[in-house]
Amino acid sequence: MTRSSSAELLKSVEYWPNHLLTIEEWSLLPENNRHCRELVDGVLVVAPQPPRHQLAVWRLAAQLERALPRRVAAMARIELIIDDGTPPTVRVPDVLIVGGTAGAEHATRVRPGDVLAAIEIVSPGSRRVDRVMKFAEYAAAGIGHYWLLETEESMRLLTHRLRDGRYLPTGEYSGQVTLGLDGLDLPLDLDTLTALRTSGVPV
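The structure contained in this document is the topic of the report that follows. Note that the structure is predicted; figures quoted are calculated from it, not measured.

Conventions adopted
Residues numbered from 1 in each chain as written. Predicted model: local features only at pLDDT ≥ 70, side-chain atom pairs only at ≥ 80, totals over all residues. Heavy atoms only, no water. Salt bridge = Lys/Arg side-chain N within 4 Å of Asp/Glu carboxyl O. Helix = DSSP H or I, 4+ residues; strand = E, 2+ residues; numbered from the N terminus. Expected span 1.5 Å × (residues − 1). Buried < 20%, exposed > 50% of the residue type's maximum accessible area, 1.4 Å probe, protein only. Pairing = 2+ DSSP bridges. Axes fitted to C-alpha atoms, helices over the stretch in contact; angles between N-to-C directions. Contact = heavy atoms within 4.5 Å.

1. Concerning the pattern of salt bridges
Step number 1: Under the definition given, this model contains 12 salt bridges.
Step number 2: Here Glu 79 ties to Arg 109 by a salt bridge, and the two come within 2.7 Å at their closest N and O atoms. You can see Glu 79 sitting in strand β4 (residues 79-83) and its partner Arg 109 sitting in strand β7 (residues 109-110), a full 30 residues away along the chain.
Step number 3: The network of salt bridges with shared partners includes Glu 38, Arg 91, Glu 120, Lys 134 and Glu 137.

What follows is the structure, given as structure tokens:
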């Protein structure tokens, strides 16, 4: 860690919230595109967003959006209210497939009842959160589908469907696939999500 980055870290810790945040306080936080911020039982949680992770998020949302009807939208990094009580929990999934009014209006904050599927792209800083914590939270919230995109060794998409309050695995995919979601057919090219562009050759 360089001296400048150490100073930045100390400064951020110095001004870190010293109490559990409310939804209202959470809403007043300034925008920050360098990190993913979530609220867990009132505690502000921040994770870095590596460039290739961000690239995969936006490419995945774009691929899904092209295949969805107008009443449904694929949205990247919007707020999902898991619990608006005291203290609140707000997650910011990598990609959500959202229906109903929230999907039609491209809302920036949604509730579990709006969500058809939640998708997380697993990175070194999110393994336990994505595979354990969010796995349990999204199931408890009643979100029908949870997809995990594993990127460490090979690009694999693991899909799960909610049954009797818990997620059961429904498939493992790689390469070019077409996924079914509540009557929708969603073609995806998983290998292009993190592929680097070659000069003169489109990805």
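2. Some points on helix α5 (residues 127-141)
Step number 1: Here α5 spans 20 Å end to end across 15 residues, near enough to the 21 Å set by a 1.5 Å rise per residue.
Step number 2: Among all positions in α5, only Asp 130, Lys 134, Glu 137, Tyr 138 and Ala 139 are buried.
Step number 3: Positioned one or two residues after α5, Gly 142 has a phi angle of 90°, which is positive.

3. Looking at the sheet that holds strand β9 (residues 145-150)
Step number 1: What the 6 strands build is an open sheet, ordered β3-β6-β8-β9-β10-β11; its pairing is mixed. Single-partner strands in this sheet number two, and they are β3 (73-76) and β11 (166-173). Strand-to-strand twist of the sheet, defined as the mean angle between neighbouring strand axes without regard to direction, takes the value 20°.
Step number 2: The sheet contact formed by β3 and strand β6 (residues 95-98) spans 4 bridges and is antiparallel. The residue bridging Ala 76 from the neighbouring strand is Val 95, located in β6.
Step number 3: Here helix α3 (residues 51-67) sits on the sheet and contacts β3, β6 and β8 (115-122); the angle it forms with β3, its principal contact strand, is near 170°.
Step number 4: Contacting β8, β9, β10 (156-163) and β11, α5 crosses the sheet at an angle of about 165° to β8.

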